[in-house]
Amino acid sequence: MDRVEDDETVPIAELLDERRRLLDLAYWMLGRSQDADDVVAEAYRRWYGLSDDRRIRMAEPWSWLVTIVGGICLERLASTGRSHPGSVDAAPAQGLDEAVSRTLLDALDTLSPAERAAFVLNDVFGMAPGTVAAIVGQTEQECDELAVRARHSLGTRWAHPTTPQQHDRVVRAVRQACVTENPARLTSLLAPDATVFFDGGGKVRTLTRPVHGARRVTRNLLTLLAGRPSTTLHCQSVNGRTGIVVRYGDEVAAVISLDVAGDHVVQIWAVLNPDKLRHWNRAAT
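Our subject in this report is the structure included herewith. None of the values given here were measured: they were computed from a predicted structure.

1. Concerning the overall build of the chain
Along the backbone of the chain there are 13 helices and six strands. The long-range share in the chain, meaning contacts at least 24 apart out of those at least 6 apart in sequence, stands at 62%. Working note: accessible area of the chain is about 14700 Å², and carbon and sulfur atoms make up 52% of it.

2. Points about the nonpolar core
Grouped together as the largest cluster of nonpolar side chains are 45 residues, with contacts concentrated most on Leu25, Met29, Val69, Leu108, Leu121 and Val136. Top element by residues in this core is helix H5 (residues 61-80). It accounts for nine residues. Each residue touching Val69, except ones within four places of it in the same chain, is listed here: Leu22, Leu25, Ala26, Val39 and Ala43. Val171, Leu189, Ala214 and Ile244 belong to the second-largest nonpolar core, a separate cluster that totals 30 residues.

3. Considerations on the sheet that holds strand E1 (residues 190-199)
Read across the sheet, six strands follow the order E2-E1-E6-E5-E4-E3 without closing on themselves; strand pairing throughout is mixed. The open sheet is flanked by strand E2 (211-212) and strand E3 (231-238), the only strands paired with a single partner. Where strand E4 (residues 241-248) and strand E5 (residues 251-261) come together, five bridges link them in antiparallel fashion. Each bridged residue has a counterpart across the sheet, and for Tyr248 the counterpart in E5 is Glu251. Contacts between helix H10 (residues 164-179) and the sheet are confined to E3, E4, E5 and strand E6 (264-271), with E4 contributing the most and set at about 25° to the helix.

4. Some remarks on the environment of Arg169
Relative to the elements of secondary structure, Arg169 occurs in helix H10. Taking the relative accessible area as the measure of exposure, Arg169 reaches 47% and is therefore partly exposed. Considering only alpha carbons, one finds Arg169 and Asp263, 94 residues apart in sequence, at a separation of 8.8 Å.

5. With respect to the side chain of Asn281
Within the element layout of this structure, Asn281 appears in helix H13 (residues 278-284). Side-chain polar atoms of Asn281 contact the backbone nitrogen of Val252, separated by 2.6 Å. With residues up to four places along the chain from it excluded, the contact list for Asn281 reads Asp250, Glu251 and Val252.

6. Quick word on a nonpolar patch on the surface
On the surface, a cluster of nonpolar side chains totalling about 310 Å² of accessible area is made up of Ile12, Leu15 and Leu16. Summarising the element assignment, Leu16 is placed in helix H2 (residues 12-30).

7. Focus: the state of the cysteines
A complete count under the given rule lists zero disulfides for this structure. Cys235 takes part in no disulfide bond, and the closest cysteine sulfur, belonging to Cys178, lies 9.8 Å away.

8. Some details on the pattern of salt bridges
When the charged atoms of two side chains lie near each other, side chains of opposite charge can form a pair. One pass over the full model with this rule turns up 14 salt bridges. Arg57 serves as the salt-bridge partner of Asp53, at 2.8 Å between the closest nitrogen and oxygen. A residue pair is termed a helical-turn pair when its members lie 3 or 4 positions apart in one helix, as Asp53 and Arg57 do in helix H4 (residues 52-57) at four residues. Its relative accessible area of 44% is what places Asp53 among the partly exposed residues.

9. Some thoughts on unusual backbone geometry
Unlike most non-glycine residues, Glu181 shows phi in positive territory, near 50°. Tracing the backbone shows Glu181 in the loop between H10 and helix H11 (183-189). Here Glu181 falls in the partly exposed class, since its relative accessible area comes to 43%.

10. Observations concerning the packing of aromatic side chains
What describes a pair of aromatic rings is the distance from one ring centre to the other and the angle between the planes of the rings. Counted according to the given criterion, the structure contains three aromatic pairs. Ring geometry for Tyr27 against Trp28: centres 6.5 Å apart, planes inclined by 75°, an arrangement best described as edge-to-face. Residue classification places Tyr27 among the buried positions, given a relative accessible area of 3%. You can call Trp28 buried: its relative accessible area is 2%. Stacked on the ring of Trp62, the Lys or Arg Arg21 has its end atom at 3.9 Å from the ring centre.

About the cut-offs
Residues numbered from 1 in each chain as written. Predicted model: local features only at pLDDT ≥ 70, side-chain atom pairs only at ≥ 80, totals over all residues. Heavy atoms only, no water. Helix = DSSP H or I, 4+ residues; strand = E, 2+ residues; numbered from the N terminus. Contact = heavy atoms within 4.5 Å. Areas by Shrake-Rupley, 256 points an atom, 1.4 Å probe, with all protein chains shown as cover. Core = buried A, V, L, I, M, F, W, Y, C linked by side-chain atoms within 4.5 Å. Buried < 20%, exposed > 50% of the residue type's maximum accessible area, 1.4 Å probe, protein only. Pairing = 2+ DSSP bridges. Axes fitted to C-alpha atoms, helices over the stretch in contact; angles between N-to-C directions. Polar contact = N/O pair within 3.5 Å; in protein donor to acceptor, adjacent residues only side chain to side chain. Patch = residues over 30% accessible without salt bridge, like charges linked within 9 Å, V, L, I, M, F, W, Y side chains within 5 Å. Salt bridge = Lys/Arg side-chain N within 4 Å of Asp/Glu carboxyl O. Disulfide = S-S within 2.5 Å. Phe/Tyr/Trp six-rings, centres within 6.5 Å; stacked < 30°, edge-to-face > 60°. Lys NZ or Arg CZ within 6 Å of the ring centre and 35° of its normal.

Encoded structure:
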């Protein structure tokens, strides 16, 4: 028994550094201090849920904890689609001041969960490719591609900042192009490398992989929103900025948020998962 206790003893500085680094990781993944606290608490709960023998024999507890924290964060991001702009708290992370931290976290909010994870793990924390792949659940090459896309998306957003008025104008133009089923107009409103994500949550039949490129995005978006007598598109506030709410009859069938850089849409997130649309339908009712 004494041997077990000795094997589990760790210097207090190491313990506190480990916890701080896990909190930073969860914070960058989710954008809220309380959420980070919850995730790290859950990770340690799972750690102490292991048998004493397994904990003692684990060569790299840090790697195990990082993988668990990353996995929980990804599950949370996937369940909500994305973090909500405006809900990010202002606690600085990784030694950054409040303004910089807030700006970076707002920008990360525009990425898909997998892109955000790949970017944070690779670029912010400098983790090994194998670790990143294990957490994200994709190959090292796929994770590298995700990080590249994330860098490009963030770079485009920062290079071409958009005011709320510009954002509203572009989104309304996209809505009009969809209503009139005008592919040329819609394509002109998209960045050449625009991406659309369809989040069906396994509850409706839709694409499971993102679609890249203005022409492909146009084709898929117009197919999704094909004019039917009962399908209507409305511009409403979505996550704090103008988005498109799609109704089929009286039911909210999709909520579309758009990320705009300058005068072009760089990313579209179409939420069709009925579970995520319940509060929209309750509000409508």
